[in-house]
Amino acid sequence: SKLSSHSLATSLWAVARLRLDTREVSSLCSAVAREVELKSLRSFNSVELCISMWALAKMIRKCARRREASRSQPQSSRPCHGAAASDSASAILVALTDEAFRRNDGEFEPQTLTNISWALTTLELTGHAG
């Protein structure tokens, strides 16, 4: 993989902050998933894990809201690609969550733990067992 874990985390954060169409989010999540598959998650430090998890949770929430909004619009409106984006982002988030849970060695600072907790609680992943 040519992208560092820092570059991946920063890219996810930037996309989560933008108001992109779910089609673009889906494409990015698919590309990031391929990069993550090529890279060991152990190369992510605690802050990079945290940033990535926060960003993915934010994107999943945006996609879910857009899916809900598209259901209330007439059939002639543009199709919603939120499910594909959410599926890609969720798969990455679960892998990052497994890695964060694997690291039970005091590596995470309080703010990092707070942001990870927000991401998991937001998506109701608190009961995930890897």
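Anything mentioned here points back to the structure above.
The structure contained in this document is the topic of the report that follows. All figures in this text were calculated on a predicted structure; none of them were measured in a lab.

Here is what the cut-offs are and how they apply
Residues numbered from 1 in each chain as written. Predicted model: local features only at pLDDT ≥ 70, side-chain atom pairs only at ≥ 80, totals over all residues. Heavy atoms only, no water. Helix = DSSP H or I, 4+ residues; strand = E, 2+ residues; numbered from the N terminus. Buried < 20%, exposed > 50% of the residue type's maximum accessible area, 1.4 Å probe, protein only. Contact = heavy atoms within 4.5 Å. Axes fitted to C-alpha atoms, helices over the stretch in contact; angles between N-to-C directions. Parallel < 35°, antiparallel > 145°, perpendicular 65-115°, else oblique. Left-handed = near helix turned anticlockwise from the far one by under 90°. Salt bridge = Lys/Arg side-chain N within 4 Å of Asp/Glu carboxyl O. Core = buried A, V, L, I, M, F, W, Y, C linked by side-chain atoms within 4.5 Å. Expected span 1.5 Å × (residues − 1). Arc of directions from axis to C-beta. Nonpolar A, V, L, I, M, F, W, Y, C, P; charged D, E, K, R; others polar.

1. Considering the environment of Cys50
Here's step 1: With respect to the helices, strands and loops of the structure, Cys50 is situated in helix α3 (residues 46-71).
Here's step 2: Taking the relative accessible area as the measure of exposure, Cys50 reaches 6% and is therefore buried.
Here's step 3: Discounting residues that sit within four places of it in the chain, Cys50 has contacts with Thr112, Asn115 and Ile116.

2. Examining the packing of helix α1 (residues 5-17) against α3
A pair of packed helices is captured by two measures, namely the crossing angle of their axes and the spacing between those axes.
Here's step 1: One can describe the packing of α1 onto α3 by two numbers: an axis separation of 8 Å at closest approach and a directional angle of 30°. Here α1 is positioned roughly parallel relative to α3, judged by the angle of their axes. The two elements α1 and α3 meet at a crossing, and its hand is left-handed. Along the contact surface, α1 presents Ser5, His6, Ala9, Leu12, Trp13, Val15, Ala16 and Arg17, while α3 presents Glu48, Ile51, Ser52, Trp54, Ala55, Leu56, Lys58, Met59 and Lys62.

3. Comments concerning the pattern of salt bridges
Here's step 1: Applying the stated criterion across every chain yields a total of three salt bridges.
Here's step 2: Measuring nitrogen to oxygen at the nearest pair gives 2.6 Å for the salt bridge that ties Arg102 to Glu99. Of this pair, Arg102 and Glu99 both sit in helix α4 (residues 82-102), three residues apart, which is roughly one turn of the helix.
Here's step 3: Residue classification places Glu99 among the buried positions, given a relative accessible area of 7%.
Here's step 4: Ionic pairing is found between Arg103 and Glu99, a salt bridge with its closest N-O pair at 2.9 Å.
Here's step 5: Several salt bridges converge on common partners, so that one network encompasses Glu99, Arg102, Arg103 and Glu107.

4. Regarding the nonpolar core
Here's step 1: Judged by nonpolar contacts, the single largest core of 29 residues is most densely connected at Met53, Leu56, Met59 and Leu96.
Here's step 2: Examining the composition of this core, we find that ten residues originate from one element, α3, more than from any other.
Here's step 3: When sequence neighbours within four positions are dropped, the list of residues in contact with Leu96 reads Leu41, Phe44, Leu49, Ser52, Met53 and Leu56.

5. Overview of helix α5 (residues 110-122)
Here's step 1: If you check α5, its first and last C-alpha atoms are 18 Å apart, about what 13 residues at 1.5 Å a residue would give, namely 18 Å.
Here's step 2: Among the residues making up α5, those that are buried are Thr112, Ile116, Ala119 and Leu120. Across the axial projection of α5, the buried residues extend over an arc of 95°, all falling on one side. Residues of α5 that are exposed and point more than 90 degrees away from the buried face comprise Pro110, Gln111 and Thr121.

6. Some points on the packing of α3 against α5
Here's step 1: At a minimum axis separation of 9 Å, α3 and α5 run at an interaxial angle of 30°. As judged from the angle between their axes, α3 and α5 are roughly parallel. α3 and α5 meet at a crossing whose hand is left-handed. Taken together, the residues of α5 that come into contact with α3 (itself represented by Ser46, Val47, Cys50, Met53, Trp54, Ala57, Lys58 and Arg61) are Thr112, Asn115, Ile116, Trp118, Ala119, Leu120 and Thr122.
Here's step 2: For the contact of α3 with α5, the class distribution of residues is nine nonpolar, four polar and two charged.

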